[in-house]
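Working through the structure, step by step
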Amino acid sequence: MSNNRVSRRQFLSYTIMGVGGFMASSLVLPMVRFAVDPALQVEGDSDFIVTDQLVSELTEEPIRVSFSYEQQDAWYTSEVTNDAWVYKAGDEIIALSPVCKHLGCTVQWEGSADFPNQFFCPCHNGRYEKNGNNIPGTPPLGPLDQFVVEVRDGYLALGEVKPNFIVS
Amino acid sequence: MLFAGREINQYIEQKEYIDTAVVPLIELDLGAGGIRQSSAAAEYMISLTSLLERQFKGRLLLLPPVSYPKNSDRAEIGSAIRKELESSGIKHVFYMTSDVKWRSEEDLDRLLWLPAVPVEHMDPKFRQSVMEDQLRQVLPLVLEAWNASS
């Protein structure tokens, strides 16, 4: 028999420490992982969609720029085409959403002969100024939304739609 | 508006503004001779009416396509839909179809008959521009009805 026999007490305390340590680590490690995870995520290349529109061809006059992307609606994936009204104000590119803030129709630049230099919504005669500001007395309650824009290799890229940030 | 759960609440709340309905009428022909044309026409009509809906979302309720077998009595279908829509209080109803047999129905006053354009083999960009051209034929008719009533 060897001299360093493990006593019953020692054996039990080692066992409990071992099992307990394992259990504790299985609790703590995921927590650490989740806490650190956001820092490990690679920043995606954002959700910009590059359009066919050359930035050099833009003028002060708003034009309609179409772009398509895939949309997943539950089990159904479809190609959606959307528009933006784009123009230049000085060096800045302004891209406005064509969706009327009243009930969601599509607005047209100079859509009514009676109101030049304005966006016009044919549904309920809503009107907006060139910067998207809604004209009081017409149904819309807020200015047209605006796209975040970028220039990529000379082409216009449209990002997120945000509440209008040029109307103050 | 679409005739769908998430949009219908807005329709109910804003009923005073949404005074127009669009009813796509689609013929179902599953016979060997007609199935290709029937399905292509259905695809055309569904994409045209959804473009129209997007344009006029705030004033127009797009109903799901009414599909009927090729030998159905058009007059009966037409009058049943008309009655249902009349009871809803909707002022303007547009029936849109590529089915020739509706042309003889006098009962529906705003029936837009559009010959189906075969778009299934076009690439997406070209198809989009063709459909927008088609849409431009319909927009003035809707605007005209609205202007006449206001």
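In this text the structure is predicted, and so the values were computed from the model without any measurement.

1. Remarks on the overall build of chain B
Looking only at helices and strands, chain B features 4 helices and 5 strands. When the helices and strands of chain B are listed from N to C terminus, the series reads α-β-α-β-β-α-β-β-α. Relative to a compact globule of 150 residues, whose C-alpha radius of gyration would be 15 Å, chain B shows 15 Å and is just as compact. Based on the C-alpha atoms only, the size of chain B along its principal axes is roughly 45 × 40 × 30 Å. Of all 150 residues assigned to chain B, the portion counted as buried reaches 47%. The long-range fraction of contacts in chain B, counting pairs at least 24 apart against all pairs at least 6 apart in sequence, stands at 72%. Summed over its atoms, the accessible surface of chain B is roughly 8,100 Å², and 54% of this surface lies on carbon and sulfur atoms. Distance between charge centres in chain B, computed from 17 positive and 22 negative side chains, equals 3 Å.

2. Here's the deal with the environment of V142 of chain B
Here V142 of chain B lies in helix 4 (residues 124-149). For the pair V142 of chain B and L61 of chain B, spaced 81 residues apart in the sequence, the C-alpha separation amounts to 13 Å.

3. Observations regarding the state of the cysteines
Residues and elements named next belong to chain A. With the rule as written, the count across this model stands at 1 disulfide over all chains. Covalent S-S linkage joins C105 and C123, the inter-sulfur distance amounting to 2.2 Å. On the sign convention where negative is left-handed, the bridge of C105 and C123, at about -100° about the S-S bond, is left-handed. Residue C105 is located in the loop between strand 4 (92-96) and strand 5 (108-109), and its partner C123 is located in the loop between strand 6 (119-121) and strand 7 (126-128); the two are separated by 18 residues in the primary sequence. No difference in accessibility class separates C105 from C123, as the two residues are buried. Looking at C100, it has no disulfide partner, and the nearest cysteine sulfur is the one in C121, 3.7 Å off. Of the residues examined, C121 reaches a relative accessible area of 2% and is grouped as buried.

4. Describing the sheet that holds strand 5 of chain A
Residues and elements named next belong to chain A. Read from one edge of the open sheet, 3 strands run 5-6-7, paired in antiparallel fashion. Two strands lie at the open edges of the sheet, namely strand 5 and strand 7, each paired on one side alone. By the bridge criterion, 3 bridges tie strand 6 to strand 7 in an arrangement that is antiparallel. The residue bridging F119 from the neighbouring strand is Y128, located in strand 7.

5. Some words on helix 4 of chain B
With 26 residues, helix 4 of chain B extends 37 Å from end C-alpha to end C-alpha; this agrees with the ideal 38 Å at 1.5 Å per step. A maximum bend of about 25° is found in helix 4 of chain B at Q137 of chain B, where proline P140 of chain B lies one to four positions downstream. Within helix 4 of chain B, the full set of buried residues consists of V130, M131, E132, Q134, L135, V138, L139, V142, A145 and W146 of chain B. Looking at the buried side of helix 4 of chain B, the elements it contacts are strand 2 (63-73) of chain A together with strand 1 (20-28), helix 2 (35-55), strand 4 (92-97) and strand 5 (111-113) of chain B.

6. Some remarks on the environment of L114 of chain B
By the element assignment, L114 of chain B lies in the loop between strand 5 and helix 4. Along the primary structure L114 of chain B and G33 of chain B are separated by 81 residues, whereas in three dimensions their C-alpha atoms are 21 Å apart.

Rules of the game
Residues take numbers from 1 onward in each chain, read along the sequence in its written order. For naming, the first written chain is A and the first written ligand is 1, with later ones following in the order written. Under the rules for a predicted model, residues below a pLDDT of 70 receive no local features and side-chain atom pairs below 80 are neither given nor counted, while totals for whole chains, interfaces and linings still include all residues. Note that the side-chain values use all heavy atoms of the structure and ignore hydrogens as well as water. Helix and strand definitions follow DSSP, with helices as H or I runs of at least four residues and strands as E runs of at least two, each counted in order from the N terminus. Only C-alpha atoms enter the radius of gyration, while the globule expectation follows 2.2 Å times N to the 0.38, with N the number of residues. Think of it in three bands: residues with accessible area under 20% of the maximum for their type are buried, residues over 50% are exposed, and the middle band is partly exposed, with areas taken using a 1.4 Å probe on protein chains only. Whether two residues touch is decided by their heavy atoms; if any such pair falls within 4.5 Å, the residues are in contact. Using a 1.4 Å probe, accessible areas were evaluated by the Shrake-Rupley method; residue-level cover was limited to the displayed protein chains. When charges are counted, Lys and Arg contribute as positive and Asp and Glu as negative, whereas His and the chain ends are disregarded. Here the site of a charge means atom NZ of a Lys, CZ of an Arg, CG of an Asp or CD of a Glu. Any two cysteine sulfur atoms lying within 2.5 Å of each other are counted as a disulfide. One requirement defines pairing of two strands: DSSP has to find at least two bridges between them. Residue count minus one, scaled by 1.5 Å, sets the expected span of a helix. To get the bend at a given residue, fit one axis to the seven residues ending there, fit another to the seven starting there, and take the angle between those axes.

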